[in-house]
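Listed below, chain by chain, are the residues.
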Amino acid sequence: MGNRQYTYRSKLFSALSAACALGIATAAVAADYPTAKVNTTGLAVTDTEVTVGQLHSATGTMAISETGSIQAERLAIDQINASGGILGRKIKIIQEDGASDWPTFAEKAKKLLISDKVATVFGCWTSASRKAVLPVFEKENGLLYYPTFYEGLEQSKNVFYTGQEATQQILAGLDWLVKEKKAKTFFLIGSDYIWPRTSNKIARKHIENVLKGTVVGEEYYPLGHTQFGSLINKIKLKKPDAIYAIVVGGSNVSFYKQLKAAGVTSAKQTLLTISVTEDELLGIGGENMVGFYAAMKYFQSLDNPNNKKFVEAFKAKYGAKSVIGDVTQAGYLGPWLWKAAVEKAGSFDVDKVVAASPNIELKTAPEGYVKLHPNHHLWSKLRIGQVELNGQFKVLYESGLIEPNPFPKGYQ
Amino acid sequence: MTSMSDLFSILIMQGFNGLSSFCVLLLMALGLAIIFGQMGVINMAHGEFLTIGAYTTFVLSEVSQRWAHWMQGSYFIVAVAVSFVIAAAVGLLVEHLMIRHLYRRPLDTLLATWGLSLIMQQIFRSTFGAKEVSATLPDWLMGSVQPTPTIDIPINGLLMMGLTLLMTMIVFIGLFKTRWGVWVRATTQNRIMAGAAGINTRKIDRYAFGLGCGLAGMAGAAFTTIGSTGPTSGSMYIVDTFLVVVFGGAQSLIGCIASAFSIAQAQSTAEFFLTGSTAKVLTLLTVIVILMLRPQGLFSIRVRR
């Protein structure tokens, strides 16, 4: 019996990887995976169904950003269900609303893990919400797939980070600025909280120690700040070769509109940001940022067959006008990574899924090939995109696969 | 390196920057000054009336993009006027359904209007989507005037100044040169006596609230040139708005202007020499200290109660 299953499983795997490469999913039969075997820890798994949780802000300030992740995760789950589900079971979603409030996130995480017994959760967006739920996931031994690019300095057995950690997003982008734009002096700008501050710290170390450039200014403004006139004048005074901007939320829109109105346009000034995706550009307006650069692992305009299929499916489901940003794509990877790990483990048990996860590959990712590192982050590429009038990016540069390094030595 | 003439240009631009943030603060605060100062209603939903103006601008921008191309260059002016009308109409409705039942219960209005602001935010979200939108602004509006090669004066800043001047004048003439203004001031100073003298104080309240909301809508339309348009955009301004009104002395329009001016100048100067976050802390600290010494604000009307 064990033997038969073993051969079946290895057969399944070769079939699976071939199917993945072709973009066709393979259906497993639930009977081959009896519930008692694939679920030894009392998760919400039946003979026909497995329940997962989705925990984002559908209301409140963060709904602006998190809506894309909610949609992408749903799309992935629908596609997985359409191709036969996981271990022969359909995925059922319980969606909870974190409502942009961190204690609410923690409460809802408890609800999902303790009363709903979900097999995994796709969720969170801001670092604050992730930090709020982290102790819950560790205590209840839950599983969380987190989609946002973030500051790093974290690694948990219970979390998989499908966005980039700071060094992946920052170092290659700065290298590009120096090489292609001959930048020697930099002005660092950020919203005043942990992600921009940590990221700029890494950027400053890299600029000063590795690139031998100079940081001529480093400025932070409170979240929701709307007046950037003084900052813009300071930039004009310092005349940096490049502005490195990590402004977020509504402030982002104010910042770029006021830059443009003050005559600081791409014709005169190089600017690289790591906080503007296609989603943010909807609010800023492509015409207000045209010619500036962004460093991300994913742009909607990426020209590869996986991405074309993904964009088409996304638009078919959510409307032709919808746009896809970096985090949305990272959200889409979550369910697929989980599926691959569950199938490799042959079990929904959290410990087994975690053990099976390192080195899982995804060849069908819209961003291209990704691989899960033992430190629970993804190997991924960095791209530089230039803002175009229509609110899309033109991809100018693509790095090789970058190893995730959430605790970078010499950068703290 | 920066030369003396560069420094001079920066000085000019920084001076202009101080003036334009003064205008932004005053635009936000005018409507609230009427509602809070004149009527004593703490309207926590003031920011959402700004948002109404911003979305009105967005809708008109879409309309002009799709169906009325001839309007693309000028729709913005129309939007400012339409925003006033729509926000004022919503304001009248809100006054009729909610506020008028809560006069003289300031803490209850605080809670009720805060609830209202959440409801309005969710309505925006359900109608326009959770993501931010952006009105396509005419090119002439987003450029800058260059009196010398090193000085850029933003045109949207100039527009904001013009609008502030216009609105302030309308409010002043309305309050101090018309019969309606006399009624409003009488109602503010002594509601019971005003009623006894034959003034329909209910009606005055309603129109004052509508006017305040309309002014907020107009400001919201103007702010699309410098800020975001999303369900919660208005709430970014609410704290500063209350700050200006309270600091200025709740019942005084002159106080409101003086307060907006001093806060804007302090903030903009501090931002230039220190960093953004420190500047904010410093400004707030100063305001707190001054309010401790002068709880009634910068200016106050002496009234016998």
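Located above this text is the structure these notes cover.
This write-up is about the structure you can find in this document. (Residues numbered from 1 in each chain as written. Chains lettered and ligands numbered in written order. Predicted model: local features only at pLDDT ≥ 70, side-chain atom pairs only at ≥ 80, totals over all residues.)

1. Comments concerning the overall build of chain B
Put simply, the rule reads: Working definition: helices are DSSP H or I runs of at least four residues, strands are E runs of at least two. Numbering for both runs from the N terminus. As defined in this context, the radius of gyration uses C-alpha atoms, and a globule is described by 2.2 Å times the residue total to the power 0.38. Remark: C-beta atoms are placed from the backbone, and a residue is labelled buried if 20 or more other C-beta atoms sit within 10 Å of its own, exposed if 12 or fewer do, or partly exposed between those counts. Distance between backbone-placed C-beta atoms decides contact: two residues are in contact if it is within 7 Å.
Assigned secondary structure in chain B consists of 11 helices and 2 strands. Helices and strands in chain B line up, N terminus first, as α-α-α-α-β-β-α-α-α-α-α-α-α. Expected size for 305 residues packed as a compact globule is a radius of gyration near 19 Å; at 20 Å, chain B falls within 12% of this value. Dimensions of chain B, computed from the C-alpha atoms along their principal axes, are close to 70 × 55 × 35 Å. In chain B, which comprises 305 residues, the proportion classed as buried is 50%. Of all intrachain contacts in chain B linking residues separated by at least 6 positions in sequence, the fraction that spans at least 24 positions is 77%.

2. A look at the sheet that holds strand β5 (residues 159-161) of chain A
All names here are of chain A. For clarity, the cut-off: Two strands are said to pair when DSSP picks up at least two bridges between them. Axis lines are fitted through C-alpha atoms, for helices just across the contact stretch, and the angle between N-to-C directions can take any value from 0 to 180 degrees.
Spatial ordering of the open sheet is given by β2-β1-β3-β4-β5, a layout of 5 strands whose pairing is parallel. Each edge of the sheet is formed by a strand with only one pairing partner; in this case those strands are β2 (90-97) and β5. Sheet twist, expressed as the mean angle between neighbouring strand axes with direction ignored, is 25 degrees. Across the sheet, helix α4 (residues 102-115) touches β1 (49-56), β2 and β3 (121-123), and the angle it forms with β1 is around 175 degrees.

3. Things to note about helix α1 (residues 4-39) of chain B
Residues and elements named next belong to chain B. Here is the rule we go by: What a helix should span is 1.5 Å times the count of its residues minus one. Bend, at a single residue, is the angle you get between axes fitted to the 7 residues ending at that residue and the 7 residues starting at it.
Compared with the 52 Å implied by 1.5 Å per residue over 36 residues, the 51 Å span of α1 between its first and last C-alpha is a close match. Bending of α1 peaks at approximately 35 degrees at the position of L32. Remark: G40 follows α1 within two positions and exhibits a positive phi of approximately 70 degrees.

4. Examining the pairing of strand β15 (residues 393-398) of chain A
All names here are of chain A. Examined bridge by bridge, strand β14 (residues 383-387) and β15 share 5 bridges and lie antiparallel to one another. In the sheet register, R383 faces β15, and the bridge partner there is E398. Here β14 folds back onto β15 in antiparallel fashion, the turn holding 5 residues, of which G391 has a positive phi close to 85 degrees.

5. Observations regarding the packing of helix α2 (residues 46-66) of chain B against helix α8 (residues 201-223) of chain B
Residues and elements named next belong to chain B. Counted only if it meets this: Throughout, the term roughly parallel applies to angles under 35 degrees, roughly antiparallel to angles over 145, roughly perpendicular to angles from 65 to 115, and oblique to all others. Crossings are classed by handedness, with left-handed meaning an anticlockwise turn of the near helix from the far one by less than a right angle and right-handed meaning a clockwise turn. Classification convention: Asp, Glu, Lys, Arg as charged; Ala, Val, Leu, Ile, Met, Phe, Trp, Tyr, Cys, Pro as nonpolar; all other residues, Gly among them, as polar.
Interaxial distance between α2 and α8 falls to 6 Å at its minimum, and their mutual angle equals 50 degrees. As judged from the angle between their axes, α2 and α8 are oblique. Both α2 and α8 take part in a crossing whose hand is right-handed. Of α8, the residues touching α2 (which contributes H46, F49, L50, T51, I52, G53, A54, T56 and T57) are C213, A216, G217, M218, A219, G220, A221 and F223. Grouping the amino acids of the contact of α2 with α8 by side-chain chemistry returns 10 nonpolar, 7 polar and no charged.

6. So, the interface of chain A and chain B
Opposite the 37 residues of chain A that make contact, chain B presents 39 residues. When residues of the side of chain A that touches chain B are traced back to their parent elements, those giving at least two are α3 (63-82), β7 (214-221), α8 (229-238), α9 (250-261) and α10 (278-284) of chain A. Broken down by class, the residue content of the side of chain A that touches chain B amounts to 12 nonpolar, 17 polar and 8 charged.

7. Quick look at unusual backbone geometry
Residues and elements named next belong to chain A. Of note in this structure, K212 is not a glycine but carries a positive phi near 55 degrees. Tracing the backbone shows K212 in the loop between α7 (194-210) and β7. With phi around 75 degrees, H376 is a residue other than glycine that occupies positive phi space. With 21 C-beta atoms packed within 10 Å, H376 lands in the buried category.

8. Overview of the sheet that holds β7(A)
All names here are of chain A. Taken together, the 7 strands give an open sheet; going across it, the order is β7-β6-β8-β9-β10-β14-β15, and neighbouring strands pair in mixed fashion. Because the sheet does not close on itself, it has two edges, and the strands there are β7 and β15. The sheet shows a mean angle of 25 degrees between the axes of neighbouring strands, taken without regard to direction. By the bridge criterion, 4 bridges tie strand β10 (residues 293-296) to β14 in an arrangement that is antiparallel. Each residue of the ladder has a partner; that of M296, found in β14, is R383. Where helix α6 (residues 166-181) meets the sheet, its contacts fall on β8 (242-246), β9 (270-273), β10, β14 and β15, and the angle it forms with β9 comes to roughly 165 degrees. Across the sheet, α8 lies against β6 (185-191), β7 and β8, angled at about 175 degrees from β7, the strand it touches most.

9. Focus on the nonpolar core
This is how the line gets drawn: By definition, a nonpolar core groups buried Ala, Val, Leu, Ile, Met, Phe, Trp, Tyr and Cys residues that are joined through C-beta atoms within 7 Å.
Residues A:Y244, A:L337, B:L25, B:L27, B:A29, B:L30 and B:A260 are the most contacted members of the largest nonpolar core, which totals 197 residues. Looking at this core, the element that brings in the most residues is α1(B), giving 18 residues. The contact partners of B:L30, leaving out residues within four places of it in the chain, are B:M167, B:T168, B:V171, B:L215 and B:C256.

10. Structural notes on the packing of helix α9 (residues 235-248) of chain B against helix α10 (residues 253-273) of chain B
Residue and element names in this part refer to chain B. Where α9 contacts α10, the axes come no closer than 7 Å and their chain directions differ by 120 degrees. If you check the angle between α9 and α10, you find them oblique. Judged by the sense of rotation from one axis to the other, the crossing of α9 with α10 is right-handed. Here L243, V244, V245, F247 and G248 of α9 come into contact with α10, specifically with G255, C256, A258, S259, A260 and I263. When its residues are assigned to classes, the contact of α9 with α10 shows 8 nonpolar, 3 polar and no charged.

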